[in-house]
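Structural features, examined
In case you want the letters, here they are:
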Amino acid sequence: MSDSYFIAKAVSLAKKGKYFSKPGVNVGAIIVKDNKVIGEGFYERFGGSHAEINAIDDVKRKHKNNYLSLLSDSEIFITLEPCSKIGKTGACVDTLKKYDFKRIIVGSLDPTQNGLESLSKHGFKVTSLEDKNCLSLNKEFFHKNKFNKPFIRAKIAMSADHKSVFKNQKRKWITGIPARNDVQKIRAESDVILTGAGTLNIDKPSLNVRLKKIISNQSFCQPERFVFSSSLNLDWEAPFFTLPGKKVVVTSKKNFPTVPKKIKELTFMSCDKKGKNIDPKKFIKKIAKLNIKNILLESGPKLLGTFSDESLIDEYIFYVSKEKLKEKALHFYEGKKNLNFFGSKQFVIVEESNVGKDKKIILRKK
């Protein structure tokens, strides 16, 4: 079997942790002896043992009496370079050095670590593949490290004629249940979900993850909920505030209001304005200092417009209904720039698929 074959198996393992490892990274590890897998592991939850440690422990559990001889002269395939610094756990390179691996193969390098250098100096034969699937596993992590800003997605549910907000509040949904369930998965991968005061007050979104197969896992942590509000004229009875979980009100006000005692885990973040709106660039500068890799923007046309005008959005996820709403609804984008989303040279379509009766289109910044 080739290196790419075993790295692909490690990638599949890593994906099992994508809802539960945040704000950490997604990592899988496979241990191979004589072309057979003898141990496997992945990063199961933030703060828990890393993938390569779980793979070693897997060998120990299966082969209590002879695990040392099995690990000797074996190969370990890891999707991300092992950590060399002590964080929530010990440095993984220190554990790897205890065993006589014939070769250590990593799918992608970690710019924050020097694990391969450390292992190489210790006498191990190391190989770096820079596999595209391994890089894709943690694109938000690499993005933040490179640009010093979170990876920002914008989710838009719209009609075939690009309308997204009903003028009449009697109707709420544009897309079907399969598309809305798909959004739940994107939320589950997000560190933060951001909306605007208008959306919060009018639509009363919960902005949490409700898929049972995800939230039933004790390692799952709901994304933090953020709302932009210059005026602080907010419906404090809305689900955004009353549901459990961390929530943050971002405002240009310097004095914060007293909120109902029943609202828990609420903080305020002060941010300067640009014109009449909160300055999205200054917000991102503030948020970049926190342990946040990605943000999902679920908002109305105005907030989407302010972020789009500043070229802050790295990926647009469109769910498009076949229905045309014509004058029943407003266009999904209300910015100052005349942006051509689907004909832009700045973005490329990375996915186009059907979700139920709706179409899903993902545009990603080049």
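For the structure, check the block above.
The sections below set out a description of the structure shown in this document. The numbering scheme is per chain: residues are counted from 1 as the chain's sequence reads. Given that the model is predicted, a residue must reach a pLDDT of at least 70 before its local features are reported, and side-chain atom pairs must reach 80 or more before they are shown or counted; all residues, however, enter totals for whole chains, interfaces and linings. No hydrogens and no water enter the side-chain calculation; it runs on all heavy atoms of the structure.

**Thoughts on the pairing of strand E6 (residues 151-158)**
Put simply, the test is: The buried label applies to any residue whose accessible area, calculated with a 1.4 Å probe on protein chains only, is under 20% of its type's maximum; exposed applies above 50%, and partly exposed to all values in between. In this description a helix means any DSSP run of H or I spanning at least four residues, a strand means any run of E spanning at least two, and both kinds are numbered starting from the N terminus. Any two strands with at least two DSSP-identified bridges between them are counted as paired.
Across the 8 residues that make up E6, a large majority, 8, are buried. Residue alternation in E6 divides its side chains into two sets, Phe151, Arg153, Lys155 and Ala157 and Ile152, Ala154, Ile156 and Met158, and both sets are buried. Sheet topology note: the E6/strand E15 (residues 315-320) ladder contains 6 bridges and is parallel. The residue of E15 that forms the bridge with Ile156 is Phe318.

**Some thoughts on the nonpolar core**
Keep this limit in mind: What we call a nonpolar core is a set of buried Ala, Val, Leu, Ile, Met, Phe, Trp, Tyr and Cys residues that are connected through their side-chain atoms within 4.5 Å.
One finds Phe283, Phe307, Tyr316 and Phe318 to be the most contacted residues of the largest nonpolar core, which totals 33 residues. If one sorts the elements of this core by residue count, E6 sits on top with 4 residues.

**A short note on helix H13 (residues 301-309)**
With respect to burial, H13 is a largely interior element, 8 of its 9 residues being buried. All buried positions along H13 are accounted for by Pro301, Leu303, Leu304, Gly305, Thr306, Phe307, Ser308 and Asp309. One or two steps after H13, the chain reaches Ser311, where phi turns positive at roughly 55°.

**A word on the packing of aromatic side chains**
The way to describe two aromatic rings as a pair is by their centre distance and the angle between their planes. Note the following rule: Whether two aromatic rings pair depends on their centres lying within 6.5 Å, for rings of Phe, Tyr and Trp, where Trp uses its six-membered ring; planes under 30 degrees apart make the pair stacked, over 60 edge-to-face, and the rest tilted.
This model, assessed by the stated rule, comprises 20 aromatic pairs. Ring geometry for Phe228 versus Phe283: centroids 4.9 Å apart, planes at 85°, classification edge-to-face. Taken as a pair, Phe228 in strand E9 (residues 224-228) and Phe283 in helix H12 (residues 280-287) lie far apart in primary sequence, 55 residues in all. Taken individually, Phe228 and Phe283 each receive the classification buried, so the pair is uniform in this respect. Here the aromatic cluster, defined as three or more aromatic residues joined through ring pairs, consists of Tyr316, Phe318, Phe332, Tyr333, Phe341 and Phe347.

**Section: the side chain of Gln184**
Definition in use: Pairs of residues are marked as contacts when any of their non-hydrogen atoms sit within 4.5 Å.
Mapped onto the elements, Gln184 comes out in helix H8 (residues 177-189). Take Gln184: its relative accessible area is 5%, and that puts it in the buried class. Not counting residues within four places of it along the chain, the set of residues in contact with Gln184 comprises Asn208, Val209, Arg210 and Leu211.

**Some words on the pattern of salt bridges**
This is how it is decided: Criterion for a salt bridge: a side-chain nitrogen of Lys or Arg within 4 Å of a carboxyl oxygen of Asp or Glu.
Applying the stated criterion across every chain yields a total of 23 salt bridges. Here Lys282 ties to Asp272 by a salt bridge, and the two come within 3.5 Å at their closest N and O atoms. Remark: Asp272 occurs in the loop between strand E11 (266-270) and strand E12 (273-274) and Lys282 occurs in helix H12; sequence separation between them is 10 residues. Under the relative-accessibility criterion, Asp272 is labelled partly exposed at 38%.

**Description of the sheet that holds E11**
This is how it is decided: Axes here mean lines fitted to C-alpha atoms, for a helix over just the part in contact, with angles spanning 0 to 180 degrees between N-to-C directions.
Ordered in space as E11-E10-E9-E8-E14-E6-E15-E18-E17, the 9 strands form an open sheet in which the pairing is mixed. The open sheet is flanked by E11 and strand E17 (347-355), the only strands paired with a single partner. Sheet twist, expressed as the average angle between the axes of neighbouring strands with direction ignored, equals 20°. Of the strand pairs in this sheet, strand E8 (residues 192-196) and E9 are connected by 5 bridges, and their pairing is parallel. Of the residues in E9, the one forming a bridge with Val192 is Glu224.

**Topic: the pairing of E15**
Counted residue by residue, E15 has 6 buried out of 6 residues, so it is predominantly covered. On E15, burial covers both faces: Glu315, Ile317 and Tyr319 on one face and Tyr316, Phe318 and Val320 on the other are all buried. Both E15 and strand E18 (residues 358-365) contribute to a ladder of 6 bridges, which runs antiparallel. Bridging from a neighbouring strand, Tyr316 pairs with Leu363 of E18.

**What to know about helix H2 (residues 51-62)**
Using the following cut-off: Here a helix's expected span is defined as the number of its residues, less one, multiplied by 1.5 Å.
Over its 12 residues, H2 extends 17 Å from the first C-alpha to the last, a length consistent with the 16 Å expected when each residue adds 1.5 Å. Where H2 is concerned, the buried positions are Ala51, Glu52, Ile53, Asn54, Ala55, Ile56, Asp58 and Val59. The inward-facing, buried residues of H2 contact strand E1 (28-33), strand E2 (36-42), helix H3 (67-71), strand E3 (75-78) and helix H4 (92-96).

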